[in-house]
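Here are the chains, one letter per residue:
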Amino acid sequence: MTKVTMAKSHLLGLVGDEDTCTAFLLGGIGELNATREANFLVVKQDTVIGEIETFLKRLLTRKDIGIILINQHIANDVRHIIEAHTNPIPALLEIPSKEHPYDPLKDSILKRAKGMFSIDDMR
Amino acid sequence: RVREAVVSTQSTGDKINVFPSRMILSVMKTRYKGAQKGHSLLKKKSDALTLKFRATLKKIIENKTVMGDVMKAVYFSLAEAAYAAGDISQTVIQNADKAQNKIKFTKDNVAGVQLTNFTMHSEGSDVYQLTGLGKGGQTVTRCKETAQKAIKLLIELASLQTTFITLDEAIKITNRRVNGIEYVIIPRFENTIAYIVEELDERDREEFYRLKKVQDKKKVIRAKQKKFLEEYNAKQEAVEAASEAAPRNLLETEHDPDIMF
């Protein structure tokens, strides 16, 4: 096995509720690019699903995003986009939010491996 | 790729349409061996990939379980910071400018499949160095650290995920090829070789039969010739015996054997 490191570094994208965004931005992943476009979207109570969809699609086509973090409850609303994304990069990672704990049954990635593991493994 | 004419019949199945000859037979045998070698190599590749796949899946499940706990810690420390420093969310969100923590790609190779992984890469300065200096600075710093730990873990998790998806695709393709060779290509060669051997054997049998027939014919001819010769000799002897009884006539040309010294 050989390892090679690429020169350019990539960003993490983020689609989350206010608390998730605050926490991770504090962790130092938020960035506005040259056109003041953000790599994160704060999803509030009144955010339309269409807006989330557009933003997520944009993130998926951006060349400088390597990983996209998305709260699982938001992911459930845009499940069709997530299932349609089959490229390994950017990696779509579903994370729990403060109100909604992590549910392995809904995770798109683990659905692909259905049958290879049981729920007992998650406990 | 050259597409050869493949013929299929009900009884014999698929086979390559060739004129049966010994040269073609040895060519087909070599290719058959090649197909078998290719099949076993691909199977090994598939096994190696599947092994790595299962290992990756196990790690993903482990990590996702840890992630749940880590995220809880993040939200807890965020709540603590909010309690001590007030609502910092607006300040944080509006001051996002340059990301300090980014990711770098690393390429890896497993059993011939290229995998891409992520590693955390920090550059630049902390935009939020001054946040919370007013009140509750410690809780804000703690929240920052917890979040960074969480980000590190999430980057690892994303790496595993990417590996998982890439391997999944590679395994599907490889297995398709293995099955193709096992159930289509190899039977085709086996049928072709069986057919050629059959035809060559039949030709040999025909040749043998032909030779036998010719020999028999020759025997008959020889027997006829022998009979004819015997009759002729018998006639000649009868003539000579008759001519010996009569006196010699010198005027008739006789065959005079040469006198050799």
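Refer to the structure presented above.
Parameters at a glance
- Residues numbered from 1 in each chain as written.
- Chains lettered and ligands numbered in written order.
- Predicted model: local features only at pLDDT ≥ 70, side-chain atom pairs only at ≥ 80, totals over all residues.
- Heavy atoms only, no water.
- Helix = DSSP H or I, 4+ residues; strand = E, 2+ residues; numbered from the N terminus.
- Buried < 20%, exposed > 50% of the residue type's maximum accessible area, 1.4 Å probe, protein only.
- Contact = heavy atoms within 4.5 Å.
- 1 Å grid on protein atoms, 1.4 Å probe; cavity = no way out; pocket = protein on both sides within 12 Å on 5 of 7 lines; lining within 4 Å.
- Points joined across faces, edges and corners; volume = space filled by probe spheres on them.
- Buried area = accessible area lost by both parts, 1.4 Å probe.
- Salt bridge = Lys/Arg side-chain N within 4 Å of Asp/Glu carboxyl O.
- Polar contact = N/O pair within 3.5 Å; in protein donor to acceptor, adjacent residues only side chain to side chain.
- Expected span 1.5 Å × (residues − 1).
- Phe/Tyr/Trp six-rings, centres within 6.5 Å; stacked < 30°, edge-to-face > 60°.
- Lys NZ or Arg CZ within 6 Å of the ring centre and 35° of its normal.
- Patch = residues over 30% accessible without salt bridge, like charges linked within 9 Å, V, L, I, M, F, W, Y side chains within 5 Å.
- Areas by Shrake-Rupley, 256 points an atom, 1.4 Å probe, with all protein chains shown as cover.
- Nonpolar A, V, L, I, M, F, W, Y, C, P; charged D, E, K, R; others polar.
- Lys, Arg positive; Asp, Glu negative; His and termini not counted.
- Charge placed at Lys NZ, Arg CZ, Asp CG, Glu CD.

Undergrad: Looking at this model, I keep getting lost on the overall build of chain A. Mind explaining?
TA: The helix and strand inventory of chain A stands at five helices and four strands. Put simply, chain A runs from its N terminus to its C terminus through helices and strands in the order β-α-β-α-β-α-α-β-α. Burial analysis of chain A (123 residues in total) assigns 54% to the buried set. Sequence-distant contacts in chain A: of pairs separated by 6 or more residues, those separated by 24 or more amount to 61%.

Undergrad: What am I meant to see in unusual backbone geometry here?
TA: Leave glycine aside and you will find that most residues have negative phi; peptide bonds, for their part, are mostly trans. All names here are of chain A. Following I89, the chain continues into P90 via a peptide bond in cis, with omega recorded as -5 degrees. Within the secondary structure, P90 sits in the loop between α4 (79–84) and β4 (91–95). Even without a glycine there, the phi angle at R36 is positive, about 60 degrees. Mapped onto the fold, R36 is located in the loop between α1 (18–26) and β2 (40–42). Here R36 falls in the exposed class, since its relative accessible area comes to 60%.

Undergrad: Hey, could you run me through the layout of surface pockets in this one?
TA: The gaps of empty space that remain are located by a probe, the size of a water molecule, rolled over the atoms. All names here are of chain B. Put simply, the second largest pocket is a space of about 350 Å³. Lining the second largest pocket we find 18 residues, and of these N117, F118, E156, S159 and L160 sit closest to its centre. Looking at the lining of the second largest pocket, the elements that each hand over two or more residues are α1 (22–85), β3 (101–110), β4 (113–122) and α3 (137–245). Counting residues per element, the lining of the second largest pocket draws most heavily on α3, which supplies six residues.

Undergrad: Please clarify how the environment of I109 of chain A should be interpreted in this entry.
TA: Assignment of secondary structure puts I109 of chain A in helix α5 (residues 108–112). When its relative accessible area of 10% is taken as the criterion, I109 of chain A is described as buried. Beyond its immediate sequence surroundings of up to four residues, I109 of chain A is in contact with L92 of chain A together with Q161, F164 and I165 of chain B.

Undergrad: Explain the interface of chain A and chain B here, please?
TA: Interface extent is often summarised as the accessible area lost during association of the parts. The interface of chain A with chain B comprises 54 residues on the first partner and 57 residues on the second. Together chain A and chain B conceal approximately 5,000 Å² of surface at their shared face, both sides included; 69% is due to carbon and sulfur atoms. Between K98 of chain B and E31 of chain A there is a salt bridge; the shortest N-O distance is 3.7 Å. The interface formed by chain A and chain B holds eleven residue pairs in polar contact (both at pLDDT 80 or more) in total.

Undergrad: Would you explain α1 of chain B in this entry?
TA: Residues spaced three or four apart along an α-helix face the same direction, because each turn holds 3.6 residues. Across its 64 residues, α1 of chain B extends 90 Å between first and last C-alpha, which sits within 8% of the 94 Å expected from 1.5 Å per residue. Immediately beyond the C-terminal end of α1 of chain B, within one or two residues, lies G86 of chain B, with a positive phi of roughly 85 degrees.

Undergrad: What should I look at first to understand the packing of aromatic side chains in this one?
TA: For any pair of aromatic rings, the description rests on two quantities: the centre-to-centre distance and the angle between the ring planes. Residue and element names in this part refer to chain B. Throughout the structure, instances matching the rule amount to two aromatic pairs over all chains. Relative to F164, the ring of F53 has its centre 4.7 Å away and its plane inclined at 15 degrees; by these criteria the two rings are stacked. Here F53, found in helix α1, pairs with F164, found in helix α3; they are 111 residues apart in sequence, far enough to count as distant. Across the pair, F164 and F53 agree in class, each one buried. Over the face of the ring belonging to Y195 we find K15, whose NZ or CZ atom lies 4.4 Å from the ring centre.

Undergrad: In this structure, what is going on with a nonpolar patch on the surface? I would like to understand it.
TA: Taken together, Y183, V184 and I185 of chain B make up a surface patch of nonpolar side chains, about 280 Å² in accessible area. V184 of chain B gets classed as partly exposed once you look at its relative accessible area, which sits at 38%.

Undergrad: How should I be thinking about empty space enclosed by the protein in this particular structure?
TA: All told, the structure shown has one cavity of 30 Å³ or more when counted by the stated rule. Computed from the structure, the largest cavity encloses a volume of approximately 50 Å³. Considering the residues around the largest cavity, the lining is formed by L25, G28, I29 and G30 of chain A together with A96, D97, K98, Q100, D126, V127 and Y128 of chain B. When the residues that make up the lining of the largest cavity are grouped by side-chain class, the tally is five nonpolar, three polar and three charged.

Undergrad: So what exactly am I meant to see when it comes to a positive patch on the surface here?
TA: Together, K212, K218, K219 and R222 of chain B line one region of the surface with positive charge. Within the secondary structure, K218 of chain B is located in helix α3.

Undergrad: Help me understand the pattern of salt bridges, please; the structure alone is not making it clear to me.
TA: One side chain can pair with another of opposite charge once the charged atoms of both are near each other. Residues and elements named next belong to chain B. Scanning the entire structure with this criterion turns up 14 salt bridges over all chains. Across the pair R188 and D14 runs a salt bridge, and its minimum N-O distance is 4.0 Å. Taken together, the residues span a long stretch of sequence, with R188 in helix α3 and D14 in strand β2 (residues 13–16) at a distance of 174 residues. Since its relative accessible area comes to 22%, R188 is described here as partly exposed. Relative accessible area serves as the criterion here: at 29%, D14 is assigned to the partly exposed category.

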